Amino acid sequence: MQLDFTLKKYEQLCRSILAAGLRTFTISEFLTSATDHEGIVIFRHDVDRNPLQALSMAQVENKYGIRGTYYFRTKTSVFRTDIIQKISQLGHEIGYHYETLAECRGNYKDAMALFIKELNMFREICRVTSISMHGRPLSKYDNRDLWQKYDFLDHELYGECYLSIDYNHVLYLSDTGRTWHPTRYNVRDKVSGQTLPELETTDELIQFIGAGMNKPLCLLTHPNRWTDSPLIWGKEWLLDQCVNRIKEVLIWVRR
Ligand SMILES: [Zn+2]
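Residues numbered from 1 in each chain as written. Predicted model: local features only at pLDDT ≥ 70, side-chain atom pairs only at ≥ 80, totals over all residues.

Engineer: Mind laying out the environment of Arg49, listing which residues take part and the relevant values?
Structural biologist: By the secondary structure assignment, Arg49 is in the loop between strand 2 (40-47) and helix 3 (51-63). Take Arg49: there are 16 C-beta atoms within 10 Å of it, and that puts it in the partly exposed class. Each C-alpha atom, one on Arg49 and one on Arg123, is 20 Å from the other, the two residues being 74 residues apart in sequence. Among all residues touching Arg49, those that are not within four sequence positions of it are Ser77, Val78 and Asn224. (Helix = DSSP H or I, 4+ residues; strand = E, 2+ residues; numbered from the N terminus. Buried ≥ 20, exposed ≤ 12 C-beta atoms within 10 Å, placed from the backbone. Contact = placed C-beta atoms within 7 Å.)

If you want it as structure tokens, here you go:
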């Protein structure tokens, strides 16, 4: 049996997207493009940890001429300027994976000041025109709420991944919880909108893409999950199992 969530499997996914004749977009390309969005796949990646694995994924995509958007957290272990630069040089878009409202425990003013400071840290290295919030399931603060008081458009940004895309017209599938299922393990990492296909494995996703889509597809992957190293794969698998059990309780409690 071939393992799922490996780079080999990811390569298969990339090939299937190209074989289906679909065009690939970064988030900013999508946000700034004209209205013809038929037959496209938007590649979004949230780099929560292990930035080196983001580089490996970026190299796989580059091999197929695909460009995606890599949203980096600013945690010291993740915000590796050398890696960010390398991914940017491969032609990918770099974005800011912000979590400042949770970081500042709900203090909006401090959270906004920190947001500007961290956005500028990115801009010292490369161009940043889009952002995505980090979904911290255990925090009581939803980082998106920052935009109830402030406007991200005031900061030379084309948009925010959850708030600027109309998910009534875009299929959104995420690998959160080590499944492509749209709701099972998504506490915050989800969008409201249409009913989404209940896929589990990447093979099912590949089949779904091959059968033809009538809407743009936005794929969110977390590169830390995708690896060909058995050791890292096992570690990530174990971590996913633990987090999923916690999320099951959280989803049950918040129901
Ligand atoms: Zn995240």
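After that view, the rundown keeps rolling.
Engineer: Which residues make up the pairing of strand 8 (residues 217-221), and what values go with them?
Structural biologist: Extensive coverage of strand 8 is indicated by the burial of four of its five residues. Here strand 2 runs beside strand 8; their pairing, made up of five bridges, is parallel. Of the residues in strand 8, the one forming a bridge with Phe43 is Leu219. Pairing analysis gives four bridges linking strand 7 (residues 171-174) to strand 8, with the strands arranged parallel. Residue pairing for strand 8: Ser174 is matched across the bridge by Leu220. (Pairing = 2+ DSSP bridges.)

Engineer: A description of the pairing of strand 2 should follow, citing residues and the corresponding values.
Structural biologist: Burial of strand 2 is extensive: eight of the eight residues sit out of reach of the surface. Side chains of strand 2 alternate between two faces, with Ile40, Ile42, Arg44 and Asp46 and Val41, Phe43, His45 and Val47 buried alike. Judged from the three bridges that link them, strand 1 (residues 23-25) and strand 2 form a sheet pairing that is parallel. Bridge assignment links Phe25 to a residue of strand 2, and that residue is Ile42. Across four bridges, strand 2 lies against strand 3 (residues 69-72) in parallel orientation. Directly across from Asp46, in strand 3, lies its bridge partner Tyr71. Taken together, strand 2, helix 3 and strand 3 constitute a β-α-β crossover, and its handedness is right-handed. (Right-handed = clockwise from strand over helix to strand, strands pointing away.)

Engineer: Can you tell me about unusual backbone geometry, naming the residues and giving the values?
Structural biologist: The backbone of Phe5 sits at a positive phi, close to 60 degrees, despite the residue not being glycine. Examined against the element boundaries, Phe5 turns out to sit in the segment before helix 1 (7-19). Unusually for a residue other than glycine, Arg105 sits at a positive phi of about 45 degrees. Within the secondary structure layout, Arg105 lies in the loop between helix 5 (100-103) and helix 6 (108-123). In this structure Arg105 comes out as exposed when scored by C-beta crowding, with 11 C-beta atoms within 10 Å.

Engineer: How would you sum up the environment of Glu198? Please name residues and give values.
Structural biologist: By the secondary structure assignment, Glu198 is in the loop between strand 7 and helix 7 (202-210). According to the C-beta neighbour criterion, Glu198 is exposed, with 12 such atoms within 10 Å. In this structure the C-alpha to C-alpha distance between Glu198 and Thr76, which are 122 residues apart in sequence, comes to 36 Å.

Engineer: So, the nonpolar core: which residues are in play, and what are the values?
Structural biologist: Ile42, Ala54, Tyr70, Phe72, Ile87 and Cys218 are the most contacted members of the largest nonpolar core, which has 46 residues in total. In terms of residue count, the dominant contributor to this core is strand 2 (five residues). If sequence neighbours within four positions are ignored, Tyr70 has contacts with His45, Val47, Ala54, Ala58, Ile87, His92, Ile94 and Gly95. (Core = buried A, V, L, I, M, F, W, Y, C linked by C-beta atoms within 7 Å.)

Engineer: Mind laying out helix 1, listing which residues take part and the relevant values?
Structural biologist: Here helix 1 spans 18 Å end to end across 13 residues, near enough to the 18 Å set by a 1.5 Å rise per residue. When helix 1 is considered as a whole, its buried residues turn out to be Tyr10, Cys14 and Ile17. Down the axis of helix 1, the smallest arc covering the buried residues is 60 degrees, so these residues share one side. Among the structural elements, strand 1, strand 2, helix 3 and helix 7 are those in contact with the buried residues of helix 1. Phi turns positive one or two residues past the end of helix 1, at Gly21, with a value near 75 degrees. (Expected span 1.5 Å × (residues − 1). Arc of directions from axis to C-beta.)

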